[in-house]
Amino acid sequence: MFSAGQLFSVTLTKPIILTDSPPSKHLRHTRHRQFTTQCTNNLHSATNPFDPAAVAASVKNFTFTGPSKNRTDLQTSCAIISSTIIGKQHDNENRKGIENITVVNAERVLDLELSGNIRKPLTINDMSTSPMHGSEIRVVYQGVPGAYSETAAAKAYPNGEFIPCEQFEQVFQAVELWIADRAVLPLENSLGGSVHRTYDLLLRHRLHIVGEVQLPVRHCLLALPGVNKQDLNRVISHPQALAQCELTLTKLDLKITRESSNSTAGAAELISESNLRNTAAIGSERAAKIYGLNVLVEGIHDDCNNFTRFLMLAREPIIPRIDQPFRTSIVFAHDNGTSVLFKVLSVFAFRNINLTKIESRPHRLRPITIVGSAKRFEYLFYVDFDASMADVRAQNALSDVQEFTTFLRVLGSYPVDMTPLCSSGGD
Ligand SMILES: O=C(O)C(=O)Cc1ccccc1
């Protein structure tokens, strides 16, 4: 059985100090490329990310001593996270280190959030899925401007301020450290399947799912102006994008190798920055505009039903409702082989609760059980079902699930994205 002490959590190698001042000259010059890129990219958040002209202008005009000191803080914070945080198993010894974090900012009470299970009471803001205080909500996503995750973030929070982060882990940390208010991460794609990294990090961190967004994804083959298909010997993109275009790439009969990058837009940015004339990226039309690339081939995903489901995460759960369709996500583990899995799933079937997704991931704390001379692989099961936690059927179902399982956690109960899936896009 898991306990809070066994869950992975955050450990900082040295204290993060957030102040209202821009980063020091030293910081400016010593951070690696990612730092510079992120700061530059973060400036996009000051503009409408869907206005390519404004975005292009803001990249050119970027300076550290810009008008918004607080925004500069957000920009640096994401980069600071990347260089100071290590994910480490959370136990009583290292909890001491966590409590040493110093935060010079009255609004950000970091050590409370980090030092264990101290829950803050729900506030009126948590009762709604809309942004807090009517003010700009800071939304962190994985990738760089032009990534599909940014489009998903804008769909979920149209008035948000968007903060790009290079790594998945940093996205979680940014919300945990109050640098951002919400995280948006891809969970699954209708062609490429599950994003395992998101599943694994959902369990290692303590954020709550507060919403979902389903986004149509329209991939294009992007290259520098003047480059033809025959000039290419390499295509780079996010592994999900490569998987979603595999058949079409083969049909195009190009002599190209496939290479992974952190995000689709990151691939476009790399081609542009490094002037790679033999390389194409798979990404959106919007990414092409931002990074000055041409669309060589439009719509290269293998099936037009190419949708990605993104999750929105927050430090606090929202209050579940029953006056609109809600979905609930849980994760559980059990001890006794596959017959228990059948029993667990049947508690939903008996109550006519529709299961929409089942995913299994390795049980990292106990990957194998020895049964006689055989080894049995152990799993964590992630299940999504169509009912709100405010629905008594769901409450009873989970109380039954608890009987059969050694570990059960509700990851969130949140409104289903009911927007019609008809538009083409992702850009
Ligand atoms: O790399 C991106 O643009 C992402 O946001 C991840 C992704 C990749 C492919 C499809 C959907 C999301």
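Thresholds applied
- Residues numbered from 1 in each chain as written.
- Predicted model: local features only at pLDDT ≥ 70, side-chain atom pairs only at ≥ 80, totals over all residues.
- Heavy atoms only, no water.
- UniProt positions renumbered as here; feature names shortened; annotations may be inferred.
- Pairing = 2+ DSSP bridges.
- Helix = DSSP H or I, 4+ residues; strand = E, 2+ residues; numbered from the N terminus.
- Axes fitted to C-alpha atoms, helices over the stretch in contact; angles between N-to-C directions.
- Contact = heavy atoms within 4.5 Å.
- Buried < 20%, exposed > 50% of the residue type's maximum accessible area, 1.4 Å probe, protein only.
- 1 Å grid on protein atoms, 1.4 Å probe; cavity = no way out; pocket = protein on both sides within 12 Å on 5 of 7 lines; lining within 4 Å.
- Points joined across faces, edges and corners; volume = space filled by probe spheres on them.
- Nonpolar A, V, L, I, M, F, W, Y, C, P; charged D, E, K, R; others polar.
- Domains from an automatic or database assignment.

- In the annotation of an unreviewed UniProt entry, the entry for the protein reads Arogenate dehydratase, and the organism field reads Tagetes erecta.
- For the record of the protein, the UniProt heading Subcellular location (unreviewed entry) holds the text "Plastid, Chloroplast stroma".

### Quick notes on the sheet that holds strand β18 (residues 379-385)
Phase 1 of the analysis: Within the open sheet, the four strands sit side by side as β15-β18-β14-β19. Their pairing is antiparallel. The sheet terminates laterally at β15 (355-362) and β19 (407-415), the two strands that pair on one side only. Averaged over neighbouring strand pairs, the angle between their axes works out to 15° when direction is ignored.
Phase 2 of the analysis: In the sheet, β15 pairs with β18 via seven bridges, with the strands oriented antiparallel. Looking at the pairing, P362 lines up with Y379 of β18.
Phase 3 of the analysis: Helix α9 (residues 196-204) contacts β14 (326-333), β15, β18 and β19 of the sheet and is inclined by roughly 80° relative to β15.
Phase 4 of the analysis: With respect to the sheet, helix α15 (residues 392-404) is in contact with β14, β18 and β19, its orientation differing from that of β19 by roughly 160°.

### Here we look at the pairing of β14
Phase 1 of the analysis: Counted residue by residue, β14 has eight buried out of eight residues, so it is predominantly covered.
Phase 2 of the analysis: Taking every second residue as pointing to the same face, both faces of β14 are buried, with F326, T328, I330 and F332 on one and R327, S329, V331 and A333 on the other.
Phase 3 of the analysis: Pairing between β14 and β19: eight bridges, direction antiparallel. For I330, the partnering residue across the bridge sits in β19 and is V410.

### Focus on the sheet that holds strand β12 (residues 294-297)
Phase 1 of the analysis: Across the sheet, five strands lie side by side as β10-β9-β11-β8-β12; this open sheet has mixed pairing. Two strands in the sheet have a free side with no partner beyond their single neighbour: β10 (257-260) and β12. Between one strand axis and the next, the sheet turns through 35° on average, direction left out of account.
Phase 2 of the analysis: Bridge count between strand β8 (residues 220-223) and β12: three bridges; the pairing is antiparallel. Paired with L222 across the strands is V295, a residue of β12.
Phase 3 of the analysis: The sheet contacts of helix α12 (residues 264-274) involve β8, β9 (234-237) and β11 (279-283), and relative to β11 the element is tilted by about 150°.

### Overview of the UniProt feature "domain: Prephenate dehydratase" (unreviewed entry) in the protein
Phase 1 of the analysis: Here, the residues flagged by UniProt with the feature "domain: Prephenate dehydratase" (unreviewed entry) are residues 138-315.
Phase 2 of the analysis: Strand forms 33% of residues 138-315 and helix 32%; the C-alpha atoms that close the span are 13 Å apart.

### Notes on empty space enclosed by the protein
Phase 1 of the analysis: Evaluation of the coordinates by the stated rule reveals four cavities of 30 Å³ or more.
Phase 2 of the analysis: Looking at the second largest cavity, it is lined by 19 residues, and the ones nearest its centre are Y148, S149, P186, H238 and Q240.
Phase 3 of the analysis: Elements represented by at least two residues in the lining of the second largest cavity include exactly α7 (148-156), β5 (182-189), α10 (239-244) and β13 (307-314).
Phase 4 of the analysis: Residues that form the lining of the second largest cavity fall into these classes: seven nonpolar, 11 polar and one charged.
Phase 5 of the analysis: Three or more residues apiece are contributed to the lining of the second largest cavity by two domains, here domain 2 (99-217 + 307-314) and domain 3 (220-298).

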